[in-house]
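Each chain, written out:
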Amino acid sequence: MAAGTHTRLPGQRIPGQQTRRVVPGEHRLRIAAVVPAYNEGDAIAATIASLHRQTRRPDLVVVVPNNCTDHTAEAARQAGAYVISYPGHNPDKKAGAINFALDRIEPYLGDPWNWAVLIMDADTTLSPGFLQTAAANLTSGVGGVGGTFAGRDCHSVLGYLQRMEYHRYGQVAKRLGHRAFVLTGTGTLFSYGALLDVRRQRREGTLLPHGRSFYDTHSLTEDNELTFALQACGYRVLSPAGMWATTDVMETVPKLVGQRERWYLGALRNIAQYGRLMPFHMRWTYWRQQAGLFLSAVVAAVYLIALAASLAVYGAVDLRWYWAVPSLLLLAERVVSVWPMGWRARVYAALFLPEQLYTLLLTFIYAKAFAKFVRGDKGAWVAT
Amino acid sequence: MYQGMLPKTGIGLAAGGMTLSLLNLVWIGIAIAVVGGALITLSKFGPRIAVEPVPIGVSGSRFRLTVNGEQLSLRRGQHRR
């Protein structure tokens, strides 16, 4: 080591250290909403209106139009938002736009532990109690409180199957003690102090892979990566009940393939990037999730091959009544889990075949993403 | 020549037999997977009970018994209060 220089060793950190200090009566949590927007001129007014309808309204609403060729900025301004347009071309897409806005507003925010930042998509509307619930849960040690996404109303079967999938995801969160798998980009309230901590840890490169800013601009799934970063820094991530973020669904197969391939590939690449920087409890969750997806793909392939081989060799499939028992059990679970959604969901679940085909399609997309991951294909971020 | 062919035939038969055995095992494997899947499905009707690592400090972990994601010891503590 050269004379006069020294390596800064990271100090011992304790859970909840440097998260929001809760001093009743002295400080009121203030909320800044940051909405990156790419050609959302038709949707942005509804998004901002959903923020104004909140039972706990944000103190500041910032819209960040980037790479836009439509009237997003004008529409946002007319709806009452503060607009910070990204200058020129934004090569880093959504993550770059959020980083840019957070850097711009940084000098105007006070004590970071008294500020929270809501990051939400421009094509999303939040349920009225979203921010109130999120703020109540953003206590000491919590880095972010994410919404549960719900699909918007749609006529297509494909879109509705996604709504059913999102509904079940909400039930999974409940069974995990409202621990979030991913702090969704559709709507999450972050502790601003925790975000600043993540940025500092990225720059130091001890707890996190090296980086420069709040969001990792190289990640295909920046919300998934930030969820990893917060947890690797020792923060908890929550997804409480009642925080609904209504978002778009993909109504055509090519659009769904594009969206999910990015999600799957992004998650795989993030896991590989973190490697053993992930604490064991994180690896237990996320590696097992990937193992489950991989196993599903293998089982689906074996099932299809066995079915084809049976038909080719014997000309028929020998069915016994007892094989129907697990299928009936699965059918019952499928119907019960979407029961609160109403008749349409119950009928689709009871028909069984639509959901099985949908699952098969998702498995195929996963296999495609996995093959890309193995080949080292980096993929590309595309707005969906 | 024929002597030389015998091991090859034997290897072929052994490989064929092993493949058939493997095929039989595949069906056993599928049956086990189906029973396992049925049990997993059945468990979704009740609370999620698991032994899983929970975070301790910044990067430490400990295995704990959890019910619906909450540590059993913490749940008991809350009830006592």
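Chemist: Before we go on, may I ask you to explain the overall build of chain B in this structure?
Modeler: Looking only at helices and strands, chain B has two helices and three strands in total. The buried share of chain B, taken over its 81 residues, is 16%. In chain B, 0% of the contacts between residues at least 6 apart in sequence involve partners at least 24 apart. Surface summary for chain B: the accessible area is close to 6100 Å², and the carbon and sulfur share equals 69%.

Chemist: It is not clear to me how the nonpolar core should be interpreted in this structure. Could you clarify?
Modeler: Soluble globular proteins tend to pack their nonpolar side chains together in the buried interior. Residue and element names in this part refer to chain A. Among the nonpolar cores identified, the biggest contains 44 residues, and Val34, Leu102, Ile105, Phe190, Tyr215, Leu226 and Leu230 are the most heavily contacted of them. Contributions of two or more residues to this core are made by β1 (30-37), β2 (60-65), α3 (93-105), β4 (115-120), α6 (192-204), α7 (222-232), α8 (253-274) and α9 (280-314). Ranked by residues supplied to this core, first place goes to α3 with seven residues. Among all residues touching Val34, those that are not within four sequence positions of it are Val62, Val64, Ala101, Leu102, Ile105, Val117, Leu118, Ile119 and Met120. Among the nonpolar cores identified, the runner-up in size contains 31 residues, and Met120, Ala122, Phe130 and Val142 belong to it.

Chemist: Even after reading the chapter, I still don't get the packing of aromatic side chains, so can you show me in this structure?
Modeler: Within a pair of aromatic rings, the relevant descriptors are the distance that separates the centres and the angle that separates the planes. All names here are of chain A. Taken as a whole, this structure holds 16 aromatic pairs over all chains when the rule is applied. Where Phe149 meets Tyr166, the ring centres are 4.7 Å apart and the plane angle is 90°; that geometry is what we call edge-to-face. Of this pair, Phe149 sits in strand β7 (residues 148-151) while Tyr166 sits in helix α5 (residues 157-175); the two residues are 17 residues apart in sequence, bridging distant segments of the chain. Tyr166 sits in the buried class, given a relative accessible area of 3%. Between the aromatic rings of Phe370 and Phe373, the centroid separation amounts to 6.4 Å while the plane-to-plane angle is 45°, which identifies the pairing as tilted. Taken together, the residues span about one helical turn, with Phe370 and Phe373 both in helix α12 (residues 353-375) at a distance of three residues.

Chemist: Just to check I follow, could you spell out the interface of chain B and chain A for this structure?
Modeler: It is common to give the size of an interface as the accessible area that goes away when the parts come together. Each partner contributes residues to the interface: chain B has 26 residues there, and chain A has 27 residues. Buried area between chain B and chain A, both sides added, is near 2000 Å², and the carbon and sulfur share of it is 71%. By the criterion of area lost to chain A, the three top residues of chain B are B:Phe45, B:Arg48 and B:Val58, representing 27% of everything that side buries. Where chain B packs against chain A, one counts zero salt bridges. At the surface where chain B touches chain A, the tally comes to four residue pairs in polar contact (both at pLDDT 80 or more). Listing elements by their share of the side of chain B that touches chain A, those giving two or more residues are α1 (2-43), β1 (49-56) and β2 (60-67) of chain B. The dominant element in the side of chain B that touches chain A, judged by the number of residues it contributes, is α1(B), at eight residues. A breakdown of the residues in the side of chain B that touches chain A according to their chemical character gives 14 nonpolar, nine polar and three charged.

Chemist: Would you mind going over the pattern of salt bridges with me for this structure?
Modeler: All names here are of chain A. If you walk through the whole model with that rule in mind, you get 18 salt bridges over all chains. Arg168 serves as the salt-bridge partner of Glu355, at 2.7 Å between the closest nitrogen and oxygen. Remark: Arg168 occurs in helix α5 and Glu355 occurs in helix α12; sequence separation between them is 187 residues. Each member of the pair, Glu355 as well as Arg168, carries the same accessibility label: buried. Overlapping salt bridges bring together Arg28, Arg30, Arg56 and Asp59 as one network.

Chemist: It is not clear to me how the environment of A:Tyr166 should be interpreted in this structure. Could you clarify?
Modeler: Separated by 16 residues in the primary sequence, A:Tyr166 and A:Ala150 place their C-alpha atoms 5.8 Å from one another. The residues contacting A:Tyr166, other than those within four sequence positions of it, are A:Phe149, A:Ala150, A:Gly151, A:Val249, A:Gln259, A:Arg260 and A:Trp263.

Chemist: Where do I start with the sheet that holds β1(B) in this structure?
Modeler: Across a sheet, strands are paired by hydrogen bonds formed along the backbone, either parallel or antiparallel in direction. Spatially, the three strands line up as an open sheet ordered β1-β2-β3 (chain B), and their pairing is antiparallel. Of all the strands in the sheet, just β1 and β3 (70-71) of chain B have a single pairing partner and so form its edges. By the bridge criterion, eight bridges tie β1(B) to β2(B) in an arrangement that is antiparallel. Counted as the bridge partner of B:Val54 is B:Arg62 from β2(B). Here α9(A) sits on the sheet and contacts β1 and β2 of chain B; the angle it forms with β1(B), its principal contact strand, is near 135°.

Chemist: Looking at this structure, how should I read the pairing of strand β8 (residues 187-191) of chain A?
Modeler: Residues in a regular strand project their side chains so that they alternate between the two faces of the sheet. All names here are of chain A. For β8, a buried count of five out of five residues is recorded, marking the element as mostly surrounded by other parts of the structure. Residue alternation in β8 divides its side chains into two sets, Gly187, Leu189 and Ser191 and Thr188 and Phe190, and both sets are buried. Bridge count between β4 and β8: five bridges; the pairing is antiparallel. The residue bridging Leu118 from the neighbouring strand is Leu189, located in β8. Note: strand β6 (residues 142-146) against β8, three bridges, orientation antiparallel. Residue pairing for β8: Val145 is matched across the bridge by Leu189.

Chemist: Whenever I open this one, a nonpolar patch on the surface confuses me. Can you help?
Modeler: Residues and elements named next belong to chain A. There is a patch of nonpolar side chains on the surface, built from Tyr303, Leu304, Leu307, Leu311, Val317, Leu319, Leu353, Leu357 and Leu360 and spanning about 860 Å² of accessible area. Secondary structure elements with two or more residues in the nonpolar patch: α9 and α12. By secondary structure assignment, the location of Tyr303 is in helix α9.

Calculation notes
Residues numbered from 1 in each chain as written. Chains lettered and ligands numbered in written order. Predicted model: local features only at pLDDT ≥ 70, side-chain atom pairs only at ≥ 80, totals over all residues. Heavy atoms only, no water. Helix = DSSP H or I, 4+ residues; strand = E, 2+ residues; numbered from the N terminus. Buried < 20%, exposed > 50% of the residue type's maximum accessible area, 1.4 Å probe, protein only. Contact = heavy atoms within 4.5 Å. Areas by Shrake-Rupley, 256 points an atom, 1.4 Å probe, with all protein chains shown as cover. Core = buried A, V, L, I, M, F, W, Y, C linked by side-chain atoms within 4.5 Å. Phe/Tyr/Trp six-rings, centres within 6.5 Å; stacked < 30°, edge-to-face > 60°. Buried area = accessible area lost by both parts, 1.4 Å probe. Salt bridge = Lys/Arg side-chain N within 4 Å of Asp/Glu carboxyl O. Polar contact = N/O pair within 3.5 Å; in protein donor to acceptor, adjacent residues only side chain to side chain. Nonpolar A, V, L, I, M, F, W, Y, C, P; charged D, E, K, R; others polar. Pairing = 2+ DSSP bridges. Axes fitted to C-alpha atoms, helices over the stretch in contact; angles between N-to-C directions. Patch = residues over 30% accessible without salt bridge, like charges linked within 9 Å, V, L, I, M, F, W, Y side chains within 5 Å.

No statement about biological role is implied by the geometric values presented.
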